[in-house]
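Results of the structural survey
Here is what each chain is made of, one letter per residue.
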There are 2 protein chains.
Amino acid sequence: MSAPRRVLGIDPGSRITGFGVVDLHGQHRQYVASGCIRAPEGAPLPERIRAILDGIAEVTRLHQPTEAAVEQVFVNVNPASTLLLGQARGAALSALVLANLPIAEYTALQVKQSVVGNGHAGKEQVQAMVVRLLKLNGTPQADAADALAVALCHANHSQGALSALQHSGLRLRRGRLG
Amino acid sequence: MSAPRRVLGIDPGSRITGFGVVDLHGQHRQYVASGCIRAPEGAPLPERIRAILDGIAEVTRLHQPTEAAVEQVFVNVNPASTLLLGQARGAALSALVLANLPIAEYTALQVKQSVVGNGHAGKEQVQAMVVRLLKLNGTPQADAADALAVALCHANHSQGALSALQHSGLRLRRGRLG
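Throughout, a residue's number is its position along its own chain's written sequence, starting from 1. To label them, take the chains in the order written and letter them from A, then take the ligands in the order written and number them from 1. For this predicted model, a pLDDT threshold of at least 70 governs which residues receive local features, and a threshold of 80 or more governs which side-chain atom pairs are given and counted, while totals over whole chains, interfaces and linings are taken from all residues. With hydrogens and water excluded, all non-hydrogen atoms of the structure serve as input to the side-chain values.

Chain A is annotated in an unreviewed UniProt entry as Crossover junction endodeoxyribonuclease RuvC from Rivihabitans pingtungensis. Taken verbatim from the UniProt record of chain A, the Catalytic activity (unreviewed entry) comment is "Endonucleolytic cleavage at a junction such as a reciprocal single-stranded crossover between two homologous DNA duplexes (Holliday junction)." UniProt positions are given in the numbering used here, feature names are shortened, and annotations may be inferred rather than shown by experiment.

What follows is the structure in structure tokens.
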């Protein structure tokens, strides 16, 4: 029996950081939680950083994920926005590092390809697919849906043969199982 | 008697984060420590984030600063570099937030203006002035010198009349001291 895996997906943003928690039972994925961490608008940067750190710390404390997956952000046309986004993403990564979670990163293209089957899918398509795959009764807010999609993408990417072995606690030694 | 103030200056960078610790005794500034935190080159982003978090946590644990000052970074021409720099700065700010330090931010222009008297001073001029103001026996590495300069800039900016009152524990109540 492999230990149960619980993935925390994160969609970082300078104003809203989406999070989504999904359990993996073999090929089955089960919704656990999702939501948005809002940085207080107009507040000084350290306060907004604190909101992200505290929010993710609270999510990891409550839901005890075993690993994390973070969306790689687009570089914006506006350098100041890119810098802000980078700082918010740095805070999100810091919170995950401090929670001692293994962290995987995926581009938006990878996430959409993996979850919708089309790397250029729109936000609504991602939301609809997340609802369908996780059998949700309602549609999560866009940032929360993106975060759930990142978690689902990670589930798909990390459940290849080798990953499955590694997660079951077995290791390959010179090509043989040990 | 006001409590002694110890400023931790930080010069964030995606590869090297400079730090400098300075004590303020009235108008006198005393060097405490400085150095560089190096993010392992070529390592995955989470590892580099961890190096910054751990490095700053170690510095704050060792030197127990009472406040922090962080240089505002330039937005780079290259958006990918700007994003990287933003993430590193986000990690540095996270470490300071987690250490519960009040955080002030200064632009490079403000730092150079305050320490050298010329907002467009070169790195060597900043280094030379830091050596002179803190009566150092050697010249610190450029990033460490920049961090010390940020700390000195903060000392100059925060020692106006009101700041001095606030730091002495007195508060203005409707314009009167309470």
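As for the environment of A:Met129
All names here are of chain A. Runs of H or I in DSSP of at least four residues are treated as helices and runs of E of at least two as strands, each being numbered from the N terminus. Along the chain, Met129 turns up in helix α4 (residues 123-133). When the C-alpha positions of Met129 and Ala145 are compared, they lie 9.2 Å apart, and in sequence the two are 16 residues distant. Residues contacting Met129, with those up to four places away along its chain left out, are Val115 and Val116. Here a residue-residue contact requires only that any non-hydrogen atoms of the pair lie within 4.5 Å.

With respect to the nonpolar core
Among the buried residues, those of types Ala, Val, Leu, Ile, Met, Phe, Trp, Tyr and Cys that are joined through side-chain atoms within 4.5 Å form a nonpolar core. A 1.4 Å probe rolled over the protein chains alone gives each residue an accessible area, and that area as a share of the maximum for its type sets the label: buried under 20%, exposed over 50%, partly exposed in between. Core analysis: the largest hydrophobic core is formed by 46 residues, its most contacted members being A:Leu96 and B:Leu96. Not counting the four nearest positions on each side in its chain, B:Leu96 is found in contact with B:Leu8, B:Ile10, B:Ile56, B:Ala68, B:Val70, B:Leu101 and B:Ile103. Counting 21 residues, the second-largest nonpolar core is a separate cluster that includes B:Ala104, B:Leu148, B:Ala149 and B:Ala155.

Looking at the interface of chain B and chain A
Counting from both sides, the interface comprises 23 residues of chain B and, opposite them, 23 residues of chain A. Joining two parts hides part of their accessible area as seen by a 1.4 Å probe, and the buried area is that hidden amount summed over both. Summed over both sides, the interface between chain B and chain A buries roughly 2000 Å², with carbon and sulfur atoms accounting for 73% of that surface. Summed over the three residues of chain B that lose the most area to chain A, namely B:Pro46, B:Leu83 and B:Val97, the buried surface amounts to 25% of that side. Each salt bridge in this description consists of a side-chain nitrogen of Lys or Arg and a carboxyl oxygen of Asp or Glu lying within 4 Å of one another. Counting across the chain B and chain A interface gives zero salt bridges. Breaking the side of chain B that touches chain A down by element, the ones donating at least two residues are α1 (45-63), α2 (79-98) and β5 (103-107) of chain B. Ranked by residues supplied to the side of chain B that touches chain A, first place goes to α2(B) with 13 residues. Taken together, the residues that form the side of chain B that touches chain A break down as 14 nonpolar, six polar and three charged. In the scheme used here, Gly and all other residues not listed as nonpolar or charged are polar, with Ala, Val, Leu, Ile, Met, Phe, Trp, Tyr, Cys and Pro taken as nonpolar and Asp, Glu, Lys and Arg as charged.

Let's talk about the relation of the copies chain B and chain A
Here the copies are matched by least squares. The fit uses the C-alpha atoms of residues with pLDDT of at least 70 in both. Superposing chain B onto chain A requires a rotation of 180° together with a translation of 0.0 Å along the rotation axis, leaving an RMSD of 0.0 Å. Put plainly, the chains are arranged around a two-fold axis.

With respect to the side chain of A:Arg5
All names here are of chain A. Along the chain, Arg5 turns up in strand β1 (residues 5-11). The term polar contact refers here to a pair of N or O atoms within 3.5 Å; inside protein, the definition further demands a hydrogen-donor-capable atom paired with an acceptor-capable atom, and it admits residues adjacent in sequence only when both atoms are side-chain atoms. A polar contact is formed between the side chain of Arg5 and the side chain of Glu67, at a distance of 2.6 Å. For Arg5, the side chain forms a polar contact with the side chain of Ser158, separated by 2.7 Å.

Focus on the UniProt feature "active site" (unreviewed entry) in chain A
All names here are of chain A. Here the UniProt feature "active site" (unreviewed entry) sits at Asp11, Glu71 and Asp143. These annotated residues cover 133 residues of sequence, but their C-alpha atoms sit close together, with the largest distance between any two at 11.0 Å. Look past the residues within four positions of Glu71 in its chain and what remains in contact with it is Ile10, Asp11, Pro12, Arg89, Tyr106, Ala108, Val111, Asp146 and Val150. In this fold, Asp143 is placed in helix α5 (residues 142-158). Residue Asp143 is classed as buried on the basis of its relative accessible area of 16%. Apart from the residues within four sequence positions on either side, Asp143 is in contact with Asp11, Ile16, Gly18 and Cys36.

Here we look at the sheet that holds strand β4 (residues 67-72) of chain A
All names here are of chain A. Taken in spatial order, the five strands of this open sheet run β3-β2-β1-β4-β5, and their pairing is mixed. With one partner strand each, in any of the chains shown, β3 (28-38) and β5 (103-107) form the two edges of the open sheet. Across the sheet, the axes of successive neighbouring strands diverge by a mean angle of 20°, strand direction being ignored. When DSSP finds at least two bridges between two strands, those strands are taken to pair. Pairing of β1 with strand β2 (residues 16-25), which is carried by seven bridges, proceeds in the antiparallel orientation. For Ile10, the partnering residue across the bridge sits in β2 and is Phe19. Lines are fitted to the C-alpha atoms to define the axes, a helix being fitted only along its stretch in contact, and any angle between axes, read from their N-to-C directions, falls within 0 to 180 degrees. Sheet strands in contact with helix α3 (residues 108-115) are β4 and β5, and its direction is about 85° off that of β5.

Looking at the sheet that holds strand β4 (residues 67-72) of chain B
All names here are of chain B. Taken together, the five strands give an open sheet; going across it, the order is β3-β2-β1-β4-β5, and neighbouring strands pair in mixed fashion. The sheet is open, and its two edges are formed by β3 (28-38) and β5, each paired on a single side. The average undirected angle you get between the axes of adjacent strands in this sheet is 20°. As paired strands, strand β1 (residues 5-11) and β4 are joined by four bridges and run parallel to one another. Counterpart to Gly9 in the pairing with β4 is Ala69. Running at roughly 155° to β3, α1 makes contact with β1, β2 (16-25) and β3 of the sheet. Across the sheet, helix α3 (residues 108-115) is in contact with β4 and β5; its angle to β5 comes to roughly 85°.

Things to note about the state of the cysteines
Residues and elements named next belong to chain A. A pair of sulfur atoms, both from cysteines and within 2.5 Å, is called a disulfide here. Taken as a whole and assessed by the stated rule, the structure comprises zero disulfides over all chains. With no disulfide partner, Cys36 has as its closest neighbouring cysteine sulfur the one in Cys153, 19 Å distant. On the accessibility criterion, Cys36 (24% relative accessible area) is partly exposed.

Regarding the UniProt feature "binding site: Mg(2+) 2" (unreviewed entry) in chain A
All names here are of chain A. If you check UniProt for "binding site: Mg(2+) 2" (unreviewed entry), the listed places come out as Glu71 in our numbering. Turning to its location among the elements, Glu71 is positioned in strand β4. Judged by relative accessible area, which is 11%, Glu71 ranks as buried.

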